[in-house]
Amino acid sequence: MDTALALIQNDDPLIDTARLAAETGTTIEFWEALRTKGGGPDFIKVGRLVRYRRSAVDAWFERRTVRSTTQARALRKVGEAA
């Protein structure tokens, strides 16, 4: 195995869209729509493959953490403008 790839997998694993959807209880189409519209976590595209760094997904969820429905509505409006 390539050393750089091993470091990525050990220190900051890459996950595919299907795994992300399964882990979050969402659909692949949800993540595809976010990639198309923007507003989702940063991703890596290599040819036809799409991969997410675990740290990017965690950071995206952290930015979306709210304490009230008012904050959630404001967050949704910002996402719609993107």
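Right above here is the structure, for reference.
Please read all numbers here as calculations on a predicted model, not as lab measurements.

Engineer: Lay out the overall build of the protein with the relevant residues and their values.
Structural biologist: A count of helical and extended segments in the protein gives five helices and three strands. Its helices and strands taken in sequence order, the protein reads α-β-α-α-β-β-α-α from the N to the C terminus. In the protein, which comprises 82 residues, the share counted as buried stands at 20%. A separation threshold of at least 6 residues defines the contact pool for the protein, and within that pool the share at least 24 residues apart is 44%.

Engineer: Run through the environment of Glu-29, naming residues and quoting values.
Structural biologist: Along the chain, Glu-29 falls in helix 3 (residues 28-37). Since its relative accessible area comes to 54%, Glu-29 is described here as exposed. With 11 residues separating them in the primary sequence, Glu-29 and Ala-18 have C-alpha atoms 9.6 Å apart.

Engineer: Break down the side chain of Arg-54 for me, citing the residues and quoting the values.
Structural biologist: Structurally, the position occupied by Arg-54 is in helix 4 (residues 54-63). A distance of 2.9 Å separates the side chain of Arg-54 from the side chain of Glu-23, its partner in a polar contact. When residues no more than four places from it in sequence are discounted, the contact partners of Arg-54 are Asp-12, Pro-13, Ile-15, Arg-19 and Glu-23.

Engineer: Please set out the nonpolar core residue by residue, giving values where relevant.
Structural biologist: Core analysis: the biggest nonpolar cluster contains nine residues, these being Ile-15, Leu-20, Ala-21, Trp-31, Leu-34, Val-50, Tyr-52, Val-57 and Trp-60. Going through the elements one at a time, helix 2 (17-24), helix 3, strand 3 (49-53) and helix 4 are the ones with two or more residues in this core. Those residues in contact with Ile-15 that lie beyond four places of it in its chain are Leu-20, Glu-23, Val-50, Arg-51, Tyr-52, Arg-54 and Val-57.

Engineer: Give a detailed account of the side chain of Asp-12, specifying residues and quantitative values.
Structural biologist: Structurally, Asp-12 is set in the loop between helix 1 (3-11) and strand 1 (14-15). Arg-53 is the oppositely charged side chain nearest to the buried, salt-bridge-free Asp-12, at an N-O distance of 4.6 Å. Reaching out from Asp-12, the side chain makes a polar contact with the backbone nitrogen of Arg-54 at a distance of 3.4 Å. Here the side chain of Asp-12 touches Ser-55 through a polar contact of 2.6 Å, side chain to side chain.

Engineer: So what about the environment of Ala-59? Which residues, and what values?
Structural biologist: Summarising the element assignment, Ala-59 is placed in helix 4. The exposure class of Ala-59 is partly exposed, given its relative accessible area of 32%. The spatial distance from the C-alpha of Ala-59 to the C-alpha of Pro-41 is 7.8 Å, given a sequence separation of 18 residues.

So, how was this worked out
- Residues numbered from 1 in each chain as written.
- Predicted model: local features only at pLDDT ≥ 70, side-chain atom pairs only at ≥ 80, totals over all residues.
- Heavy atoms only, no water.
- Helix = DSSP H or I, 4+ residues; strand = E, 2+ residues; numbered from the N terminus.
- Buried < 20%, exposed > 50% of the residue type's maximum accessible area, 1.4 Å probe, protein only.
- Contact = heavy atoms within 4.5 Å.
- Polar contact = N/O pair within 3.5 Å; in protein donor to acceptor, adjacent residues only side chain to side chain.
- Core = buried A, V, L, I, M, F, W, Y, C linked by side-chain atoms within 4.5 Å.
- Lys, Arg positive; Asp, Glu negative; His and termini not counted.
- Salt bridge = Lys/Arg side-chain N within 4 Å of Asp/Glu carboxyl O.

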